[in-house]
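# Examining the three-dimensional arrangement
For reference, the chains in residue letters:
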Amino acid sequence: MTMLNAAIRDIPLPPRLARRPVNERGFPVPWFASLIDGKWDFVNLDPRKIGEAYRRKICWLCGEPMGQFHSFAIGPMCSINRVSSEPSAHLGCCEYAVRACPFLARPNAKRNDKAHLAPSMANVPGVAIEHNPGAVLIWTTRTFKPIRASGGTLFSLGEPTAVSWWAEGRTATRAEIDAAIAKGLPFLRRAAESEGAEAVSELEQYITRAAKLLPQGSQP
C-alpha cells in the first residue's frame, strides 16, 4: 500500500487492516476512529463504539468478526488487575498495532499524538494512568466480559492462552518490562491504600499472580 506513512511502510499489514482506509498522514484507520468534519479522528473516541464492538463481536481495530480467541494490547498495570478499557481485537491486528502505533511503539510518545492507533484516555472509564508505560502486553484469551466502572464500561479478561511483551515495536527485554511495571505500580498502590488494608492485600495477591506471566527472572 503506497499510501502508508514511511515510518510503518515496512511493517507487514494484516489483510483485515489492509481493507481499512488510510488517513492523510498515512496510517491505517482503526475501526474505532471517528470521522469528524471530513477527517479521521483517532483521539476523540466515540464511547458508543465500545458497546457496539462487544455486542457485534467484531474486532476493535479492523471491525471484522472475531473468532474464538480475543486479544488485547494492554499496559503492565492492566496485566495485574486483568482489565482492559477496550474490547478485543484479532491477534494479528494487535501485533500490528504494537509495531505501528506511535504511542505503543515509541516510549517517549505522548497521548495527544493524533497519528496513533490507540484512543486517548479522555473517554476511558475507570482510573487512567496516562503516562506511556514503555512496554505493552498482548493478552490473548478465550473469554472476557464487560464490567461497570466509573464513567462507563471496562472489560474483565479471562485466563490467558498466550501473552507476549512488546517495546519499541519488538519483543521487550526483561529490563524493559521490569521498568514499565515499576513505573506504574506506585499508582496502583496509592489507589489501593486510599481504599484500605483489604484493597492493599488484594493488590499484592494480584501482583503475585501477574508475576507468573513474566519472563523468567523478571520481578515486579
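Residues numbered from 1 in each chain as written. Predicted model: local features only at pLDDT ≥ 70, side-chain atom pairs only at ≥ 80, totals over all residues. Heavy atoms only, no water.

Take the sheet that holds strand E8 (residues 160-167) next. Backbone hydrogen bonds are what pair the strands of a sheet, in a parallel or an antiparallel way. Here four strands make up an open sheet; going across it, the order is E3-E5-E8-E9 and the pairing antiparallel. The open sheet has two free edges, formed respectively by strand E3 (70-74) and strand E9 (170-171), since each of these has just one partner strand. Of the strand pairs in this sheet, E3 and strand E5 (residues 136-141) are connected by five bridges, and their pairing is antiparallel. Considered in E5, the bridge of serine 71 is made with threonine 140. On top of the sheet, helix H4 (residues 91-100) reaches E3, E5 and E8; it is set at about 180 degrees to E5, its chief contact. (Pairing = 2+ DSSP bridges. Helix = DSSP H or I, 4+ residues; strand = E, 2+ residues; numbered from the N terminus. Contact = heavy atoms within 4.5 Å. Axes fitted to C-alpha atoms, helices over the stretch in contact; angles between N-to-C directions.)

Turning next to the environment of leucine 13. When you line up the elements, leucine 13 lands in the segment before helix H1 (15-18). For the pair leucine 13 and alanine 97, spaced 84 residues apart in the sequence, the C-alpha separation amounts to 9.8 Å.

What follows is about the pattern of salt bridges. Summed over all chains, the structure comprises seven salt bridges. Note that aspartate 46 and arginine 48 form a salt bridge whose closest N and O atoms lie 3.0 Å from each other. What makes aspartate 46 buried here is its relative accessible area of 18%. In this structure arginine 48 comes out as exposed when scored by relative accessible area, which is 65%. Glutamate 168 is the salt-bridge partner of arginine 170, the closest N and O atoms lying 3.2 Å from each other. Overall, the relative accessible area of 31% leaves arginine 170 in the partly exposed class. (Salt bridge = Lys/Arg side-chain N within 4 Å of Asp/Glu carboxyl O. Buried < 20%, exposed > 50% of the residue type's maximum accessible area, 1.4 Å probe, protein only.)

Ile8, Cys59, Trp60, Leu61, Ile80, Leu104 and Trp165 are the most contacted members of the largest nonpolar core, which has 57 residues in total. Setting aside residues up to four positions removed in sequence, isoleucine 80 forms contacts with Leu185, Leu188, Leu203, Tyr206, Ile207, Arg209 and Ala210. (Core = buried A, V, L, I, M, F, W, Y, C linked by side-chain atoms within 4.5 Å.)

Let us now look at the pairing of E8. Sheet topology note: the E5/E8 ladder contains six bridges and is antiparallel. By the bridge assignment, isoleucine 138 is partnered in E8 with serine 164. Where E8 meets E9, two bridges bridge the pair, whose relative direction is antiparallel. Paired with alanine 167 across the strands is arginine 170, a residue of E9.

Bringing helix H6 (residues 174-195) into the picture now. Taking 1.5 Å per residue, 22 residues should reach 32 Å; H6 reaches 31 Å between its end C-alpha atoms and fits that length. At glycine 184, H6 is bent by approximately 30 degrees, the largest bend along its length, and proline proline 186 sits one to four residues beyond. Residues of H6 that are buried include every one of Ile177, Ala180, Ile181, Gly184, Leu185, Leu188 and Ala192, and no others. Here the buried face of H6 lies against helix H3 (76-81), E8 and helix H7 (197-211). Just beyond H6, the residue with positive phi is glycine 196, at close to 115 degrees. (Expected span 1.5 Å × (residues − 1). Bend = angle between axes of the 7 residues up to and from the residue.)

Glancing now at the side chain of asparagine 23. Tracing the backbone through its elements, the reader meets asparagine 23 in the loop between H1 and strand E1 (34-36). In this structure the side chain of asparagine 23 is engaged in a polar contact, spanning 2.8 Å, whose partner is the backbone nitrogen of phenylalanine 27. Those residues in contact with asparagine 23, other than ones at most four positions away along the chain, are Val29, Trp40 and Phe42. (Polar contact = N/O pair within 3.5 Å; in protein donor to acceptor, adjacent residues only side chain to side chain.)

Before going further, it helps to spend a moment on the pairing of E5. Judged by how many residues are buried, E5 sits mostly within the fold: six of six residues are covered. With burial as the criterion, each face of E5 is covered, one bearing Val136, Ile138 and Thr140 and the other bearing Leu137, Trp139 and Thr141.

Here the focus is the environment of arginine 56. Within the secondary structure, arginine 56 sits in helix H2 (residues 48-56). Under the relative-accessibility criterion, arginine 56 is labelled partly exposed at 48%. Arginine 56 sits ten residues away from methionine 66 along the chain, and the two C-alpha atoms are 9.1 Å apart. One polar contact links arginine 56 to glutamate 52, side chain to side chain, over a distance of 2.7 Å.

Applying the stated criterion to the full structure yields six aromatic pairs. Summarising the aromatic geometry, the rings of tyrosine 54 and phenylalanine 144 are spaced 5.6 Å apart at their centres and angled 80 degrees between planes, so their arrangement reads as edge-to-face. Note that tyrosine 54 is positioned in helix H2 and phenylalanine 144 in strand E6 (residues 144-149), a separation of 90 residues in sequence. A residue is classified by how much of its surface remains accessible, and phenylalanine 144, at 15% relative accessible area, is buried. Ring centres of tyrosine 54 and phenylalanine 155 lie 5.7 Å apart, and the angle between their planes is 40 degrees; this geometry places the pair in the tilted category. Highlighted residues: tyrosine 54 in helix H2 and phenylalanine 155 in strand E7 (residues 152-157), separated in sequence by 101 residues. Looking at phenylalanine 155, the relative accessible area reads 1%, which means it is buried. Three or more aromatic residues joined by ring pairs form one cluster here, namely Tyr54, Phe72, Phe144 and Phe155. A cation over an aromatic ring shows up here: lysine 49 above the ring of tryptophan 31, its NZ or CZ 5.0 Å from the ring centre. Sitting over the face of the ring of phenylalanine 187, arginine 190 holds its NZ or CZ atom 5.1 Å from the ring centroid. (Phe/Tyr/Trp six-rings, centres within 6.5 Å; stacked < 30°, edge-to-face > 60°. Lys NZ or Arg CZ within 6 Å of the ring centre and 35° of its normal.)

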